[in-house]
Amino acid sequence: MQRVNPKGLADQALDYIGNLYRIEKQARLQKLDADQIHRLRQQEARPLLDEFKNWLEANQPLTPPKGLLGQAISYTLTNWEKLIVYLQDGRLRPDNNLVENAIRPFVVGRKNWLFAGSPGGARASATFFTLIETAKANGMDPYAYLRYIFENLPLATSEQDLHDLLPHHIDPAAIVVSESN
């Protein structure tokens, strides 16, 4: 007969977190707007978070404080108000995964940038990558955006013209990749 291992405390904590992310996935799949997400979180995530906080408080004294789980529980309780702030607005997210995914190429390439050649080269690289990520964040294809600004940059005669070439000042529908490219 095979023994079934009871779930450990870490597994139980992960179950709470998994259930919270299931609520977020449900909102995404149903394509809910910010108000609907807010209501869903109030109905489903808030009670789950209240239960999770009670679980954390009950298990904190049972967990060695210097162990990894003890540190995780302490950190979570210390930062509780920051953790639950996403419940206040359906536009907020429970994590910063979008930001982390956006900066990942820079983190991976960080060592390569040590060899930018000069501080000016490093600044140019940072500017270039900032434009690319900002174009992405504004719903543009980065290649099409770069073609657009390289075609229009010689026509810019003022600081305002340069300002108008920034991604958040351009309608993404105006920038398309042509079929010949």
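These lines cover the structure that appears in this document, whether it is placed above or below. The model shown is predicted, which means the values in this text are computed figures rather than measured ones.

Focus: the pattern of salt bridges
Stage number 1. Inspection of the entire model under this criterion finds five salt bridges.
Stage number 2. Notably, a salt bridge pairs K53 with E57, separated by 4.0 Å at the nearest N-O pair. Residue K53 and its partner E57 are located together in helix α2 (residues 34–59), separated by four residues, close to a single helical turn.
Stage number 3. Residue K53 is classed as partly exposed on the basis of its relative accessible area of 27%.
Stage number 4. Of the charged contacts in the structure, one is a salt bridge between D89 and R91, with a shortest N-O distance of 2.6 Å.

Description of unusual backbone geometry
Stage number 1. Located in the positive-phi region is K31, a residue other than glycine, with phi close to 55°.
Stage number 2. Of note, K31 is situated in the loop between α1 (9–29) and α2.

What counts, and where the lines are drawn
- Residues numbered from 1 in each chain as written.
- Predicted model: local features only at pLDDT ≥ 70, side-chain atom pairs only at ≥ 80, totals over all residues.
- Heavy atoms only, no water.
- Salt bridge = Lys/Arg side-chain N within 4 Å of Asp/Glu carboxyl O.
- Helix = DSSP H or I, 4+ residues; strand = E, 2+ residues; numbered from the N terminus.
- Buried < 20%, exposed > 50% of the residue type's maximum accessible area, 1.4 Å probe, protein only.

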